[in-house]
Amino acid sequence: MNRQQNQRGVGGMYRLLLRHCVVLVLGILSGNTLLAQPADSTVLKNRAFALPVVFFTPETSWGFGAAGIYAFRVPGDTADSQIQAVAVYTLQEQLLLYAPFQVRWDQNRYFSYGEIGYYQYVYQFYGIGNPAPLEAQEFYEVNFPRVRLNWLRRARSNLFIGLRYWFENYKITEVDPDGLLANENIAGNQGGLNSSPGLVAIYDSRDNVFYPARGWYIEASLQHDNSWTGSDFNYTTFTVDANTYFTTSWKHVVALNGYGAFQRGEPPFHLLAALGGNRRLRGYFEGRFRDKNLLLGQVAYRSPLCWRIGAVAFLGYGGVAPQIADFSLNDFLLAGGAGLRFTLDPEKKINIRFDAGFGQGTTGYYLTIGEAF
């Protein structure tokens, strides 16, 4: 049985399990940048602990592993910091080793966050732009180290400004011999090194980083790759990610997200702006549509049900284009869905997230931690 047949069979089997059984998730991982601090932050004692990790996404199938977490404060400071170490293996034979961190000092005047990791992964590629049908996907295997570093200083209340550096050395170990990557002149189809210095600014007035009910989170970044930075590619990327949150009189939360990515030059295909996955346009496979420019809008309605259980409905609309002038509503994609939440930690409002997303001729199920935005 080839990889494509095996992936469809395994994915179908576990999607069936998701529909008919209760799944216990024992990991606490979040993709959110932790900037906001609760006003009533209590004294934190340095502590270390380990947790098993279980999750499911269409891109990985089931993933199993462990996470070690060290929570601390810089001596003489009152700001909370944290370092994690995560090791995960998935049923798609993917290996994820990474250590995200966030360190604050000088009474939260300075803030550094990022990730150091190594990945062995299997991706799908559908081509660049909007033309490829679902059955046109091809598989490719990669391994790469990743370094993502951010250093910011508080400029004023809720606003941080600083520097960013991202590094990846992408080695493609297997491609479909009959596919686009093996037969077309696509930037990055032989792998390559990315070295991207840049600037980043974050405005964060959220009342809670895991489950915001009010406030704003806006992140803007500008990065550049060329031979002077040590990169094999020459391109510039500007991104902006804006989120705002409102609470209704019934204690329901409305969350709005707008995301844009704009590139100039020749970025490698795997770092093009991409739609899909468990955060941007749920229902589509991660990277299903990719190009140099991306525009996306999303809305989510989050409602408590009973005890620690809540429900969410969400809708997203977005598209990609080679140039900003080429954006067309005819090429934009609509995706929506619903999900359930179970609160692991009522004090910090950390939720297990199960979502079912639906796009045009495609469906995705996601079981993970934390909200999409």
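Only a predicted model underlies this, so the values are computations on that prediction, with no experimental measurement involved.

Q: Which residues make up the pattern of salt bridges, and what values do they have?
A: Taken as a whole and assessed by the stated rule, the structure comprises 14 salt bridges. Put simply, arginine 302 and glutamate 371 hold a salt bridge, and the shortest N to O gap is 3.5 Å. Here arginine 302, found in strand 14 (residues 293–306), pairs with glutamate 371, found in the segment after strand 18 (362–369); they are 69 residues apart in sequence, far enough to count as distant. Residue class for arginine 302 comes out buried when judged on its relative accessible area of 1%. You can call glutamate 371 buried: its relative accessible area is 6%. In this structure, arginine 341 and aspartate 355 form a salt bridge, with 2.9 Å as the shortest nitrogen-oxygen distance.

Q: Quick one: what's the story with the pairing of strand 7 (residues 159–175), residue by residue and with numbers?
A: Across a regular strand the side chains alternate sides, sitting on one face of the sheet and then on the other. Of the strand pairs in this sheet, strand 6 (residues 138–156) and strand 7 are connected by 14 bridges, and their pairing is antiparallel. Paired with arginine 153 across the two strands is isoleucine 161, which belongs to strand 7. In this antiparallel pair of consecutive strands, strand 6 and strand 7, the connection spans two residues, and asparagine 158 shows a positive phi of 75°. By the bridge criterion, 12 bridges tie strand 7 to strand 8 (residues 192–204) in an arrangement that is antiparallel. Across the sheet, residue glycine 162 finds its bridge partner in strand 8, namely valine 200.

Q: So, the confidence of the model for the protein chain: which residues are in play, and what are the values?
A: When pLDDT is low, close inspection of the predicted coordinates is not appropriate. Per-residue pLDDT for the protein chain has a mean of 87; in total, 87% of the residues score no lower than 70. Note on residues 4–34: pLDDT is under 50 here. Beyond four places in sequence and across chains, it has 64 contacts. Residue range residues 37–43 is modelled with pLDDT below 50. Its contacts to residues more than four positions away, or to other chains, number seven contacts.

Calculation notes
Sequence positions are assigned chain by chain, starting from 1 and proceeding in written order. In view of the model being predicted, local features appear only for residues whose pLDDT reaches at least 70, and side-chain atom pairs are presented and counted only at 80 or more, with totals across whole chains, interfaces and linings using the full set of residues. Only heavy atoms go into the side-chain values, all of them from the structure, while hydrogens and water stay out. Any carboxyl oxygen of Asp or Glu that lies within 4 Å of a side-chain nitrogen of Lys or Arg is treated as forming a salt bridge with it. For the purposes of this entry, the term helix denotes a DSSP run of H or I that reaches at least four residues, the term strand denotes a run of E that reaches at least two, and both are numbered from the N terminus. Only protein chains enter the accessibility calculation, which uses a 1.4 Å probe. A residue is then buried if its area is under 20% of the maximum for its type, exposed if over 50%, and partly exposed in between. Only when DSSP finds a minimum of two bridges between them are two strands counted as paired. Predictor confidence is given residue by residue as pLDDT, running from a minimum of 0 to a maximum of 100. Note on definitions: a residue-residue contact is assigned when non-hydrogen atoms from the two residues lie within 4.5 Å.

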